[in-house]
Structures are given as C-alpha cells and as structure tokens.
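# Analysis of the macromolecular model
Here is what each chain is made of, one letter per residue.
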Amino acid sequence: ETGVTQSPTHLIKTRGQQVTLRCSSQSGHNTVSWYQQALGQGPQFIFQYYREEENGRGNFPPRFSGLQFPNYSSELNVNALELDDSALYLCASSSWTGPWVGYTFGSGTRLTVV
Amino acid sequence: AQTVTQSQPEMSVQEAETVTLSCTYDTSESDYYLFWYKQPPSRQMILVIRQEAYKQQNATENRFSVNFQKAAKSFSLKISDSQLGDAAMYFCAYRRKQGGSEKLVFGKGTKLTVNP
C-alpha cells in the first residue's frame, strides 16, 4: 500500500511567478485535500477535490486553484505568487467510498517566495 | 467560530515520564471526529489517535490516550512512558463537515521536547 507522495519537496520562486505542486494519493483513496502551513502555525484548509471537482474551499483567493485527475492524483496551482505564500503545502487523501478511513498526509512541499 | 485552541506552545518531559497536552475546541456540530497528529521534522502529519464524539469511552493507542470531555469541549492527549522519538510538534484537530465537503480544523500546535 503506497502512501501519499508530493513533489517537489522544496521550491524557490520569485514574487509574481506561478507554481504547480503535485500530489499522488494513497492507493484506494478518491478524495484529495490541500492545506497551507505557515511557519509556526497549524495547517489551513485550501480546498478539497472529489470526482475531479472542487467540492469545498477555505478562505483562499482564486489565484489558488487545483485539479484532480482520473487516477485521483492532484495539482495545486498558485498564480501571481506573493511573499506570504511562503509555506509548507500539505496534501491529504481519504476515501468517501465505504467506511471513513481518515486522512493520510504527504510530507509536503516547502515553497519559498523571494 | 469553529476553532481549536492549544494553550501550550511548548512542553517538555523527561524520558519515561508522562506528559499531557491540552486542547479545547468550539463546534456547533453534535457528531464529529477529533484527532491528535504528530509532525516530526520530516514534516509528514502522522495520526496519533482519534476519537468519535458519539463515543463516551476515551480512545487509547498503546502509550497514547485521550481525556475527552464533550460538554467542556476539551480533548487532551496523555503520553505515557515518553520516548525520545515522541519529540515533535503535536496538533489537535477536528473534522468539520460543510455541506457536501469536509475539512480538518487544526490548532496552532504544541512543541514537545523529550529530555534524556
């Protein structure tokens, strides 16, 4: 059973650029959620994808967008990067089929915006 | 507001001793899940223990147990026989359902240091 894999592990971007982060969900999971964890804080919910559609969103602007693919993997895209976007981005997968199994998290992508 | 409060930014414990991490939460839901997650320097969130709100019995997982007080909206984590590998950030969270979606709401975390 594979876990959640995120890539890249680290990334440095310049303010105003665009970035794409990737997540492969755990085998058997069909739901993916993304979280932003600023330094010294708990993770904040960005959005959730189920059946390739966004079905829940936190308090993040539209320049944060995502995709879910037929194999349940996902991408997080951030446009017009700002310095405050520097954070650890965590992906978590779960299954909405059958009994709820909880969330499995990846190790995150550390994004630094300079 | 639906929030989670961890009032102890940092805690320390001697190896083999017991430590309790505090968490209070605020929710209007009657049925929900509560969690404690561990985040070591490897950054991955690792589930330590979970509690279904409808269950009165406190959850236990080996050296980890919780004291769940539903009326007081309190959910503390007790770590017995602390080990060096327990050193990490610990986050309390609850699962909030929003229409057809759901999310985890996290506290700010408690940094646990284990002294040899």
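In what follows, the structure referred to is the one given above.
Here the structure is a predicted model, which is why all the values come from computation and not from measurement. (Residues numbered from 1 in each chain as written. Chains lettered and ligands numbered in written order. Predicted model: local features only at pLDDT ≥ 70, side-chain atom pairs only at ≥ 80, totals over all residues. Heavy atoms only, no water.)

### What about the overall build of chain B?
Counting its secondary structure elements, chain B contains 0 helices and 12 strands. When the helices and strands of chain B are listed from N to C terminus, the series reads β-β-β-β-β-β-β-β-β-β-β-β. Rg of the C-alpha trace for chain B: 14 Å, near the compact-globule value of 13 Å for 116 residues, within the 12% margin. Seen along its three principal axes, the alpha-carbon backbone of chain B occupies a region of about 45 × 30 × 20 Å. Expressed as a percentage of the 116 residues in chain B, the buried residues total 48%. Sequence-distant contacts in chain B: of pairs separated by 6 or more residues, those separated by 24 or more amount to 54%. With the model as given, the accessible surface of chain B reaches about 5,700 Å², and the carbon-plus-sulfur share is 45%. (Helix = DSSP H or I, 4+ residues; strand = E, 2+ residues; numbered from the N terminus. Rg over C-alpha atoms; globule rule 2.2 N^0.38 Å. Buried < 20%, exposed > 50% of the residue type's maximum accessible area, 1.4 Å probe, protein only. Contact = heavy atoms within 4.5 Å. Areas by Shrake-Rupley, 256 points an atom, 1.4 Å probe, with all protein chains shown as cover.)

### Topic: the environment of Ser24 of chain A
Residues and elements named next belong to chain A. Tracing the backbone shows Ser24 in strand β3 (residues 19–24). On the basis of relative accessibility, which here comes to 37%, the residue Ser24 falls in the partly exposed class. The spacing of Ser24 and Ser74 is 50 residues in sequence and 6.5 Å in space, taken between C-alpha atoms. When sequence neighbours within four positions are dropped, the list of residues in contact with Ser24 reads Gly3, Val4, Thr5 and Ser73.

### Here we look at the interface of chain A and chain B
Taken together, the contact between chain A and chain B spans 25 residues of the former and 19 residues of the latter. In total, about 1,900 Å² of surface goes out of reach between chain A and chain B, with carbon and sulfur atoms giving 51% of it. The largest per-residue losses of area from chain A upon contact with chain B belong to Trp100, Tyr103 and Phe105 of chain A, which jointly make up 34% of the total buried on that side. Linking chain A with chain B are 0 salt bridges, by the criterion used here. In this structure, the connection of chain A to chain B is made through 10 residue pairs in polar contact (both at pLDDT 80 or more). Within the residue set of the side of chain A that touches chain B, elements represented by two or more residues are β4 (31–37), β5 (44–50), β6 (53–57), β9 (87–94) and β11 (109–113) of chain A. Its residues placed into classes, the side of chain A that touches chain B shows 10 nonpolar, 14 polar and 1 charged. (Buried area = accessible area lost by both parts, 1.4 Å probe. Salt bridge = Lys/Arg side-chain N within 4 Å of Asp/Glu carboxyl O. Polar contact = N/O pair within 3.5 Å; in protein donor to acceptor, adjacent residues only side chain to side chain. Nonpolar A, V, L, I, M, F, W, Y, C, P; charged D, E, K, R; others polar.)

Shape is all these values report; function is a separate question.
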